[in-house]
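Structural features, examined
Take a look at the letters that make up each chain.
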Amino acid sequence: MNPELFEALRRRIDQEIPGAIALRHKLHSMPDLSGSEGPTLELVLNALPGDLQARFVAGTGAVLRIGGPGKAIAIRAELDALPALEESELDWASKRPGIMHACGHDVHLAAVVALARAVHSTAGAAPMALVFQPREETYPSGAKDICATGILAEEDVRATVAAHVQPLLPGGTVACTPGAVNASSDEFVINIHGRGGHAAYPHIAADPVLALSHVVVSLQNIVSRNVDPMDSVVLTIATLQAGTAANVIPGTAAARGTVRTMSTPVRAEVLRRLAETVRLVAAAHGCSGEVTVTEGEPVLENDAHIVKATAPLLLALGMEVDSNLRSAGSDDFSYFSEKMPSLMMFVGTSGAGERLHSSTFVPHDSHVHDVAHALLAGYVGAARTLLPAHELPLVVAPTS
């Protein structure tokens, strides 16, 4: 248990960064959409030490183990890109029109490869499981499918760690926040059934458009009047559909939206009130209404003990630590955090004007280094927290 081992890992990662950046350029130039990540996975596997054995999972994903038997810490990276047309002028911009790594997954993958190669070549490092996950950007969730296979239990994984680039933070800063850091996300469809008729005779119709209009307004009262002001909820109606002519009251009207919460009990209550509000408001207008919910990601919870162990390691690596960042965005890494102690960090990209999922979002190559260092700290922090002392060689000397 000596601090020299941690320093050796840091130095080894730094030696791997040039190769990781070259890999990042390949990944960025040849992105794959969710569910079709086979070529991306092949590039990543070819960049890893040849003696590692991949266990293929969830269609186009893989899990690989580094180190001997025993309890392990898993490191997750996402394989998929987005259906977006890249508008950068880089030499290594996407060569596949309409497909782009607009969420930084190419950076995450390259950083994980750098960390994996460092751990593989450093004697005494704690066992690690590499999780290369498909379908982070779409349903069905790749993380959920991996959890359902039981492969992490078979590999004796005791914690999962991940990092995500974040343009809301300055470069050199890593958010390492305890508790809920990403929201649950559920999609819903509202259908209102009325009685159609001529626009000149509304009294003999039951107008579903009017009913739906009142439903949309009333749903905002769930957030303002049914949820504790200290809890965070975002309820958005994004589409409205009804009618075909200006002088015809239609028989049906529909809406689609999402609801995001930062608490599992609040999530359940909001969904209950959503269905109740639609039903009762529709009935008040002589119509009927129902809601169909497509359940999405649960709340992403960071383990407070891993956070506490990781934050000083980030400082030891020269990073600034933000302990407050939370987002109503969602990430299916939450399926891992639902199963075991986990840590999701957010790595700043200094991006004034940058936006995740933007056609111009291309983090600088230097952020491969930042993400790799953040993952090293999380890996060590999780090992210090969850592995027995005799399996815990990774220790950093206290900083003065």
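First, a word on scope: everything that follows refers to the structure included in this document. (Residues numbered from 1 in each chain as written. Predicted model: local features only at pLDDT ≥ 70, side-chain atom pairs only at ≥ 80, totals over all residues. Heavy atoms only, no water.)

**Details of helix α10 (residues 366-386)**
- Relative to the 30 Å expected for 21 residues at 1.5 Å per residue, α10 spans 31 Å between its end C-alpha atoms, a close match to the ideal helical length.
- Buried residues dominate α10, accounting for 16 of its 21 residues. (Helix = DSSP H or I, 4+ residues; strand = E, 2+ residues; numbered from the N terminus. Expected span 1.5 Å × (residues − 1). Buried < 20%, exposed > 50% of the residue type's maximum accessible area, 1.4 Å probe, protein only.)

**A look at the pairing of strand β8 (residues 184-193)**
- Bridge count between β8 and strand β12 (residues 252-261): 10 bridges; the pairing is antiparallel. Bridge pairing in β12 places I190 opposite A255.
- Taken together, the seven bridges between β8 and strand β13 (residues 288-294) define a ladder with antiparallel strand orientation. Paired with N191 across the bridge in β13 is E290. (Pairing = 2+ DSSP bridges.)

**Focus on the environment of V248**
- Tracing the backbone through its elements, the reader meets V248 in strand β11 (residues 248-249).
- Take V248: its relative accessible area is 41%, and that puts it in the partly exposed class.
- Here the alpha-carbon distance between V248 and H198, two residues 50 residues apart in the chain, equals 5.1 Å.
- Excluding residues that lie within four positions of it along the chain, V248 makes contacts with G197 and A199. (Contact = heavy atoms within 4.5 Å.)

**Quick notes on the sheet that holds β12**
- In spatial order, the strands read β10-β12-β8-β13; together these four strands make up an open sheet with antiparallel pairing. Of all strands in the sheet, those with a lone pairing partner are β10 (233-242) and β13, marking the two edges. Within the sheet, the average angular offset between the axes of one strand and its neighbour, ignoring direction, is 20 degrees.
- Sheet strands in contact with helix α6 (residues 208-225) are β8, β10 and β12, and its direction is about 175 degrees off that of β10.
- Helix-sheet contacts for helix α7 (residues 264-284) involve β8, β10, β12 and β13, and the interaxial angle to β13 is about 155 degrees. (Axes fitted to C-alpha atoms, helices over the stretch in contact; angles between N-to-C directions.)

**Focus on unusual backbone geometry**
- Omega for the peptide link from Y139 to P140 comes to -5 degrees, which places this bond in the cis form.
- Examined against the element boundaries, P140 turns out to sit in the loop between β4 (128-133) and α4 (142-149).
- One non-glycine residue, R135, adopts positive backbone phi at about 55 degrees.
- By secondary structure assignment, the location of R135 is in the loop between β4 and α4.
- Judged by its relative accessible area of 12%, R135 is buried.

**Brief notes about α6**
- Across its 18 residues, α6 extends 25 Å between first and last C-alpha, which sits within 8% of the 26 Å expected from 1.5 Å per residue.
- Every buried residue belonging to α6 is among P208, A211, L212, V215, L219 and I222, and all of these are buried. Buried positions in α6, seen along its axis, are confined to an arc of 90 degrees and lie on one side of it. Across α6 from its buried face, at more than 90 degrees, point the exposed residues V217 and R225.
- At its buried positions, α6 is contacted by β8, β10, β11, β12 and α7. (Arc of directions from axis to C-beta.)

**A few points about the nonpolar core**
- Counting 63 residues, the largest nonpolar core has F132 and Y379 as its most contacted members.
- When neighbours within four sequence positions are excluded, F132 is seen to be in contact with L41, V44, L48, G61, A62, L64, A77, L79, L109 and V112.
- Among the nonpolar cores identified, the runner-up in size contains 24 residues, and V57, I146, V157 and F346 belong to it. (Core = buried A, V, L, I, M, F, W, Y, C linked by side-chain atoms within 4.5 Å.)

**A closer look at the sheet that holds strand β3 (residues 72-78)**
- Reading across the sheet, the eight strands line up as β1-β2-β4-β3-β5-β16-β6-β15 and stay open at both edges, with mixed pairing between neighbours. The sheet is open, and its two borders are formed by β1 (54-57) and β15 (320-322), each paired with just one other strand. Within this sheet the neighbouring strands show an average axis-to-axis angle of 25 degrees, counted without direction.
- Judged from the seven bridges that link them, strand β5 (residues 157-166) and strand β16 (residues 342-348) form a sheet pairing that is parallel. If you follow V161 over to β16, its bridge partner there is L343.
- Taken strand by strand, α4 contacts β1 and β4, and its axis lies near 135 degrees from that of β4.
- Packed onto the sheet, α10 meets β3, β4, β5, β6 (173-175) and β16 and runs at close to 155 degrees relative to β5.

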